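Read off the chains here:
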Amino acid sequence: MTEKEMQIQQKKELQQAGEPTKQEKFYVPAVDIFETAEAVHVLAEMPGVAKDGVQVQLEEGTLTIRGDIAQRPPEGETVLLREFEPGGYLRKFSVAETIDQERIEAKMADGVLTLVLPKVEPAKPRRIEVKGL
Amino acid sequence: MAIVRFGDQKFFRNPWADFERMRRELDALFQSGVQDFGGRMAPTVFPALNISEDAANIYVRAEIPGVPAERIEISMEGDTLAIGGERTTCAGGEKLSYHRRELECGRFNRAVSLPTRVQADKVTATAVDGILTITLPKAEEAKPRQIKVNAG
């Protein structure tokens, strides 16, 4: 158990190259990326995004994570305090490892997307035994 | 425990009246900023909150991704609502090599005082997709009431 206090992170708004046609906010989701011998794992924080709103794409070495929110802002309420604004999420990564596209797994739970990108067989580290004479 | 502000005691001639007025005006200025321009206040403590109200309820919404509903603790004490919990999504294994580490982990606790009295026993909370929504029904005396004007 950690005794660390959580710090607040301001959501970073996405700077898009083109001008969006829809008046919609997009944020850059915070991610954890780590690698094991078998796979690359990606955890992305996307509060407000349901399971159906997630799109994951791997194309020519670019991994695109996109989350759209389904919840509409409630009507007829007076705002007393506003510290966050709901919006979609979009982030792209270039993936260097050769990923087995067929076996990519994605899971969404409590607003956190968990992606497992298994590496294709040859990329696994192989220990080479050095034989004595 | 009721705290009576020094300046609220009637038998004192309040030397701070001007400062009080200035503070109230500044408060009002910030309030109007929130409402008129849709401006966002910078949150200081996790989680970031959105608070709104309608005639019957106060709604508190918080972005708490990665914490399952059963691990969020909500308590009420008088007019103060406290949200706490712990996030343990960080894998943190030694064998992992991290490329990026942006997710925060650890305990969180936040308390807010509510603008009106609420019925503490009827507070409900739901957590969907990392967004926590707490619905606090206002106390009967705090609800706006229409008063009919009778023609004489």
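Our structure is the block above this text.
Rules used throughout
Residues numbered from 1 in each chain as written. Chains lettered and ligands numbered in written order. Predicted model: local features only at pLDDT ≥ 70, side-chain atom pairs only at ≥ 80, totals over all residues. Heavy atoms only, no water. Helix = DSSP H or I, 4+ residues; strand = E, 2+ residues; numbered from the N terminus. Rg over C-alpha atoms; globule rule 2.2 N^0.38 Å. Buried < 20%, exposed > 50% of the residue type's maximum accessible area, 1.4 Å probe, protein only. Contact = heavy atoms within 4.5 Å. Areas by Shrake-Rupley, 256 points an atom, 1.4 Å probe, with all protein chains shown as cover. Lys, Arg positive; Asp, Glu negative; His and termini not counted. Charge placed at Lys NZ, Arg CZ, Asp CG, Glu CD. Pairing = 2+ DSSP bridges. Axes fitted to C-alpha atoms, helices over the stretch in contact; angles between N-to-C directions. 1 Å grid on protein atoms, 1.4 Å probe; cavity = no way out; pocket = protein on both sides within 12 Å on 5 of 7 lines; lining within 4 Å. Points joined across faces, edges and corners; volume = space filled by probe spheres on them. Nonpolar A, V, L, I, M, F, W, Y, C, P; charged D, E, K, R; others polar.

Draft legend 1. The arrangement of the overall build of chain A in detail. Along its length, chain A carries 0 helices and 10 strands. Along chain A, helices (α) and strands (β) appear in the sequence β-β-β-β-β-β-β-β-β-β when read from the amino end. On C-alpha atoms alone, chain A measures out to a radius of gyration of 19 Å, which is more than a quarter above the 14 Å that the 2.2 N^0.38 rule sets for 133 residues. A principal-axis box enclosing the C-alpha atoms of chain A has dimensions of 80 × 40 × 25 Å. In chain A, which comprises 133 residues, the proportion classed as buried is 39%. Put simply, of all contacts in chain A between residues at least 6 apart along the chain, 55% involve residues at least 24 apart. In the structure as shown, chain A presents an accessible area of about 8700 Å², 49% of it carried by carbon and sulfur atoms. In chain A, which carries 18 positive and 24 negative side-chain charges, the distance between the mean positions of the two groups comes to 4 Å.

Draft legend 2. Expanded view of the overall build of chain B. Secondary structure summary: chain B contains 1 helix and 8 strands in total. Relative to its full complement of 152 residues, chain B shows a buried share of 34%. Contacts in chain B between residues far apart in sequence, at least 24 positions, make up 48% of those at least 6 positions apart. Of the accessible surface of chain B, which amounts to about 10000 Å², a share of 54% is contributed by carbon and sulfur atoms.

Draft legend 3. Seen up close, the sheet that holds strand β6 (residues 62-69) of chain A. Residue and element names in this part refer to chain A. The strand order across the open sheet formed by 5 strands is β1-β2-β8-β6-β5, and the pairing between neighbours is mixed. In this open sheet, the two edge strands, each paired with only one partner strand, are β1 (12-13) and β5 (49-59). Pairing of strand β2 (residues 26-28) with strand β8 (residues 88-94) involves 2 bridges; the strand directions are parallel. In the strand pairing of β8, Tyr-27 is matched with Tyr-89.

Draft legend 4. The arrangement of the sheet that holds strand β7 (residues 78-82) of chain A in detail. In spatial order, the strands read β7(A)-β1(B)-β2(B)-β8(B)-β7(B); together these 5 strands make up an open sheet with antiparallel pairing. Two strands in the sheet have a free side with no partner beyond their single neighbour: β7 of chain A together with β7 (124-128) of chain B. With strand direction ignored, the average angle separating the axes of adjacent strands in the sheet is 15 degrees. Inspection of the sheet shows β7(A) paired to strand β1 (residues 49-53) of chain B by 4 bridges, in the antiparallel sense. The residue of β1(B) that forms the bridge with A:Leu81 is B:Ile51.

Draft legend 5. Layout of the layout of surface pockets. Counted as a void, the largest pocket has a volume near 710 Å³. As for the largest pocket, its lining consists of 25 residues, and the residues nearest its centre are A:Arg72, A:Pro73, A:Pro74, A:Pro86 and B:Asn50. Elements supplying a minimum of two residues to the lining of the largest pocket: β7 of chain A together with β1 and β8 (131-137) of chain B. For the lining of the largest pocket, the class distribution of residues is 10 nonpolar, 8 polar and 7 charged. Quantified by volume, the second largest pocket comes out at close to 400 Å³. The wall of the second largest pocket is formed by 26 residues, among which A:Gln9, A:Gln10, A:Lys11, A:Ala30 and A:Glu45 lie closest to the centre. Every element with two or more residues in the lining of the second largest pocket is listed here: β2 and β8 of chain A. Of the residues in the lining of the second largest pocket, the class split is 13 nonpolar, 3 polar and 10 charged.

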